[in-house]
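# Fold and geometry: a report
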Amino acid sequence: MSDDQEQNKKSSGHDPSRRKFLKGVGVAGAGAALVDGFLTHDAGAAKSTLEAPGAPVSGSVKITLDVNGQKKTATVEPRTTLLNTLRNHMEPGITGPKLVCDMGTCGACTVLMDGKPVYSCLVLGVDAVGKKLTTVEGLGTPENMNAVQAAFVEHDGMMCGFCTPGFVTTISAYLKKNSNPTLDEVREACKGNFCRCGTYPRVFEAALAAAKGSA
């Protein structure tokens, strides 16, 4: 190696030696192990109970939610969504809210939280502790439907049915605020809900009929 090449090697700080390579690999491996430790937990570790919303938690946590007037418990990870909690971590599962887009764009998973419509796929289960939750099941039953549910049946406001629970929940909440809406107001209230079957005219017709029946 020439003197110029040796000098350039020293000035650049580059050392392609095996020792330095192995040292770098060791640091990277240790970092990966540390990250893995953050992302995983011992399956046999004791589960904690969340006493209040907003409290720091890790691993799995047992929570109690007020759903449709009943106290229901579930054991979930802090990252588990409210939708997942309702459908897959309760016994029996509450399947009215539908998993469709899973990114807060379609409204099929809409539930009421303290009376306000929310996308349950964007809310964490642990953040719903202490809140009053109402799903489409809590609005009425097949034997005793609320005004919106009855209007959807009467005016054929559904097709495949995946979007229906979200629309019914959203409209039911809206009519409590505005019992005599115009068509444009109903359309605006439903802008967060999408129907891929295109049954919007019947949905809006049902909403207006329910309003007249409850006015």
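Preceding block: the structure.
This is a predicted model, so every value here is computed, not measured. Throughout this description, residue numbers start from 1 for each chain and increase along the sequence as written. Only residues with pLDDT of 70 or above have their local features reported here, since the model is predicted, and side-chain atom pairs are shown and tallied only from 80 upward, although totals for entire chains, interfaces and linings are computed over all residues. Heavy atoms throughout the structure, all of them, feed into the side-chain values; hydrogens and water do not.

Under the scheme used here, helices are H or I runs from DSSP no shorter than 4 residues and strands are E runs no shorter than 2 residues, and both carry numbers assigned from the N terminus. By secondary structure assignment, the location of Thr134 is in strand S6 (residues 132-134). What makes Thr134 buried here is its relative accessible area of 16%. Setting aside chain neighbours within four positions, we find Thr134 in contact with Asn68, Val111, Leu112 and Leu139. The cut-offs for exposure are 20% and 50% of the maximum accessible area for each residue type, with area from a 1.4 Å probe on protein chains only; residues under the lower value are buried, those over the upper are exposed, and the others partly exposed. In this description, contact between two residues means that some pair of their heavy atoms is separated by no more than 4.5 Å.

Moving on to a nonpolar patch on the surface. Candidate patch residues must exceed 30% relative accessible area and have no salt bridge, after which like charges are joined if within 9 Å and Val, Leu, Ile, Met, Phe, Trp or Tyr side chains if within 5 Å. Computed by Shrake-Rupley with a 1.4 Å probe, the accessible areas treat only the displayed protein chains as cover when residues are assessed. The salt bridge criterion pairs a side-chain nitrogen of Lys or Arg with a carboxyl oxygen of Asp or Glu, the two atoms within 4 Å. On the surface, Met145, Val153 and Met158 cluster together to form a nonpolar patch covering roughly 240 Å² of accessible area. Along the chain, Met158 turns up in the loop between helix H4 (147-154) and helix H5 (164-177).

Turning to unusual backbone geometry, a few remarks are in order. In most cases, non-glycine residues show a negative phi, while peptide bonds are predominantly trans. A cis amide bond links Glu91 to the next residue, Pro92, at an omega of 0 degrees. With respect to the secondary-structure elements, Pro92 resides in the loop between helix H3 (82-88) and strand S4 (110-113). We note that Asp102 has phi near 60 degrees; this positive angle belongs to a residue other than glycine. Structurally, Asp102 is set in the loop between H3 and S4. Looking at Asp102, the relative accessible area reads 46%, which means it is partly exposed.

The next thing to look at is the nonpolar core. Core analysis: the largest hydrophobic core is formed by 22 residues, its most contacted members being Val148, Phe152, Phe167, Ile171 and Leu175. Those residues in contact with Val148 that lie beyond four places of it in its chain are Val168, Ile171, Ser172, Leu175 and Ala210. In this structure, Ala74, Val76, Val123 and Leu133 belong to the second largest nonpolar core, which totals 17 residues. As used here, the term nonpolar core means buried Ala, Val, Leu, Ile, Met, Phe, Trp, Tyr and Cys residues forming a set that is joined through side-chain atoms within 4.5 Å.

Moving on to H5. What a helix is expected to span follows from its residue count: subtract one and scale by 1.5 Å. With 14 residues, H5 extends 20 Å between its outermost C-alpha atoms, agreeing within 8% with the 20 Å of an ideal straight helix rising 1.5 Å per residue. Counting buried positions along H5 yields 12 of 14 residues, so the element is predominantly enclosed. Taken together, the buried positions of H5 are occupied by Thr164, Pro165, Gly166, Phe167, Val168, Thr169, Thr170, Ile171, Ser172, Ala173, Tyr174 and Leu175.

With that out of the way, let us pick up the pattern of salt bridges. One pass over the full model with this rule turns up 4 salt bridges. In this structure, Lys71 and Asp66 form a salt bridge, with 3.9 Å as the shortest nitrogen-oxygen distance. Given a relative accessible area of 65%, Lys71 falls into the exposed group. When the shortest N-O distance is used, the salt bridge between Arg79 and Glu77 registers 2.6 Å. Owing to a relative accessible area of 66%, Arg79 belongs among the exposed residues under this scheme.

For two strands to be treated as a pair, DSSP must find at least two bridges joining them. Relative to strand S5 (residues 116-119), S4 runs antiparallel, the two sharing 4 bridges. Along S5, the bridge assignment pairs Met113 with Lys116. Counted between consecutive antiparallel strands, the loop separating S4 from S5 contains 2 residues, among which Asp114 sits at a positive phi close to 50 degrees.

Right, let's get into H4. Residues of H4 that are buried: Val148, Gln149, Ala151 and Phe152. All buried residues of H4 project into a common sector of 165 degrees when viewed along the axis, lining one side. Opposite the buried face of H4, at more than 90 degrees from it, the exposed residues are Val153 and Glu154. N-capping of H4 is provided by Asn146, with a side-chain oxygen placed 3.2 Å from the backbone N of Val148. Just downstream of H4, Asp156 is the residue with a positive phi angle, here 55 degrees. The arc refers to the directions leading from the helix axis to the C-beta atoms. Whenever two N or O atoms come within 3.5 Å, that pair is a polar contact, provided that in protein one can donate a hydrogen and the other can accept it, and provided that, for residues adjacent in sequence, both atoms are side-chain atoms.

To continue, consider the side chain of Thr80. Position of Thr80 among the secondary structure elements: in the loop between strand S3 (70-76) and H3. Apart from the residues within four sequence positions on either side, Thr80 is in contact with Thr85, His89, Leu124 and Gly125.

Before going further, it helps to spend a moment on the environment of Thr73. Mapped onto the elements of the fold, Thr73 is located in strand S3. Expressed as a C-alpha distance, the spacing of Thr73 and Met90, which sit 17 residues apart in the sequence, is 6.7 Å.

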